[in-house]
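Residue-level listing of the chains:
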Amino acid sequence: MNPTYLSQSFGLQGRTALVTGSARGIGLAIATALGHAGARVLINDLHPQAAEDAVHSLQALGIEARAACFDVADMAAVQAAAQTLDTAGWPVDILVSNAGNQNRKALVEMSREEWQKIQDVHVGGAFNCARVFLPGMCARGFGRVVMTSSVSGQSTMPLIGAYSTAKAALGAMARAIAVEYGASGITANAIAPGFVRTEFTAGLQQREGFEDFLRQEVPQARWATPEDIAPVVLFLVSPAASYVNGQTLAIDGGLLAQM
């Protein structure tokens, strides 16, 4: 295949990408992939040292990166970060809403506050970032939004009802953005990873019998890695996917197909 074609179709030179929750795991893998494709990358995390460590690891790979530490669930903090980035000449062209949290508890045992905390980070955080960064994208006539949803938003398990509800909402939000802003040069899509081996899923990895369950239920019979997820996001934000809009793409080794 012509190298020029590949560069034109998947290159992100001149773009700035904000990946929320990107100091580790899936978020860091996504940031790395976008950086290798030529984007400047903003690493977001609640913990400044974790973000700086991730930035240094990217810079060691030759990727232009900087930290952007703020709480996605805090609208004022997102607005302040956006102003700082614009002033510094880092306006966001690509937004990957990846920050998340979890609380494995039956719905009737979960407090209203616990429920709301899940929704505030996943759904509220994605809304806050979209609300703040979309106007600039529209003004420049270009924007890419990707929501990190989950197969749990389409088929759930016990004890993750709040998480599943939030992940389902992210697919709906991507569709809403696609419909409302497609004519302004914006595309919005969601990814739905299956079981990914990260710190976030440490509890599942340690659960007795889960490895056998995974090998039985996932046709590819293995965990995903963050590096399985990142190239799909690269595709969705690249010129190659300029007409892909409002979709939720499962990256699950065939899990949903078998279910």
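Just above, that's the structure.
Residues numbered from 1 in each chain as written. Predicted model: local features only at pLDDT ≥ 70, side-chain atom pairs only at ≥ 80, totals over all residues. Heavy atoms only, no water.

Draft legend 1. Inspection of the sheet that holds strand 6 (residues 186-193) at higher detail. Spatially, 3-2-1-4-5-6-7 is the arrangement adopted by the seven strands of the open sheet, whose pairing is parallel. Both edges of this open sheet fall to strand 3 (65-67) and strand 7 (248-251), since each of them pairs with a single strand only. The sheet shows a mean angle of 20° between the axes of neighbouring strands, taken without regard to direction. With three bridges joining them, strand 2 (residues 40-43) and strand 3 adopt parallel strand pairing. Within the sheet, the bridge partner assigned to Leu 42 lies in strand 3 and is Arg 66. Relative to the sheet, helix 3 (residues 48-59) contacts strand 2 and strand 3, its axis offset from that of strand 3 by approximately 175°. (Pairing = 2+ DSSP bridges. Helix = DSSP H or I, 4+ residues; strand = E, 2+ residues; numbered from the N terminus. Axes fitted to C-alpha atoms, helices over the stretch in contact; angles between N-to-C directions. Contact = heavy atoms within 4.5 Å.)

Draft legend 2. The arrangement of the packing of helix 4 (residues 75-87) against helix 5 (residues 112-140) in detail. The geometry of helix 4 relative to helix 5 is characterised by a closest axis approach of 9 Å and an angle of 35° between their N-to-C directions. As helix 4 packs across helix 5, the resulting crossing turns out to be right-handed. Residues Met 75, Val 78, Gln 79 and Ala 82 of helix 4 pack against Phe 127, Asn 128, Cys 129, Arg 131, Val 132 and Phe 133 of helix 5. Split by residue class, the contact of helix 4 with helix 5 holds seven nonpolar, two polar and one charged. (Left-handed = near helix turned anticlockwise from the far one by under 90°. Nonpolar A, V, L, I, M, F, W, Y, C, P; charged D, E, K, R; others polar.)

Draft legend 3. Spotlight on the packing of helix 5 against helix 6 (residues 161-181). Direction vectors running N to C along helix 5 and helix 6 enclose 15°, while the axes themselves pass 9 Å from each other. Put simply, helix 5 runs roughly parallel to helix 6. In this structure, helix 5 meets helix 6 at a crossing whose hand is right-handed. Between helix 5 and helix 6, the contacting residues are Trp 115, Ile 118, Gln 119, His 122, Val 123, Ala 126, Phe 127, Ala 130, Leu 134 and Cys 138 on the first element and Gly 161, Ala 162, Tyr 163, Thr 165, Ala 166, Lys 167, Ala 169, Leu 170, Met 173, Ile 177 and Tyr 181 on the second. Of the residues assigned to the contact of helix 5 with helix 6, the class counts are 16 nonpolar, four polar and one charged. (Parallel < 35°, antiparallel > 145°, perpendicular 65-115°, else oblique.)

Draft legend 4. Main features of the state of the cysteines. Applying the stated criterion across every chain, the model contains zero disulfides. With no disulfide partner, Cys 129 has as its closest neighbouring cysteine sulfur the one in Cys 69, 13 Å distant. Looking at Cys 129, the relative accessible area reads 0%, which means it is buried. Of the cysteine sulfurs around Cys 138, a residue in no disulfide, the closest is that of Cys 129, at 15 Å. (Disulfide = S-S within 2.5 Å. Buried < 20%, exposed > 50% of the residue type's maximum accessible area, 1.4 Å probe, protein only.)

Draft legend 5. Structural context of the pairing of strand 2. Neither face of strand 2 is open: one carries Arg 40 and Leu 42, the other Val 41 and Ile 43, and all of them are buried. Both strand 1 (residues 16-19) and strand 2 contribute to a ladder of four bridges, which runs parallel. Across the sheet, the residue bridging to Thr 16 is Arg 40, located in strand 2. Read as a crossover between parallel neighbours, the route from strand 1 over helix 2 (residues 25-36) to strand 2 is right-handed. Handedness of the crossover joining strand 2 and strand 3 through helix 3 is recorded here as right-handed. (Right-handed = clockwise from strand over helix to strand, strands pointing away.)

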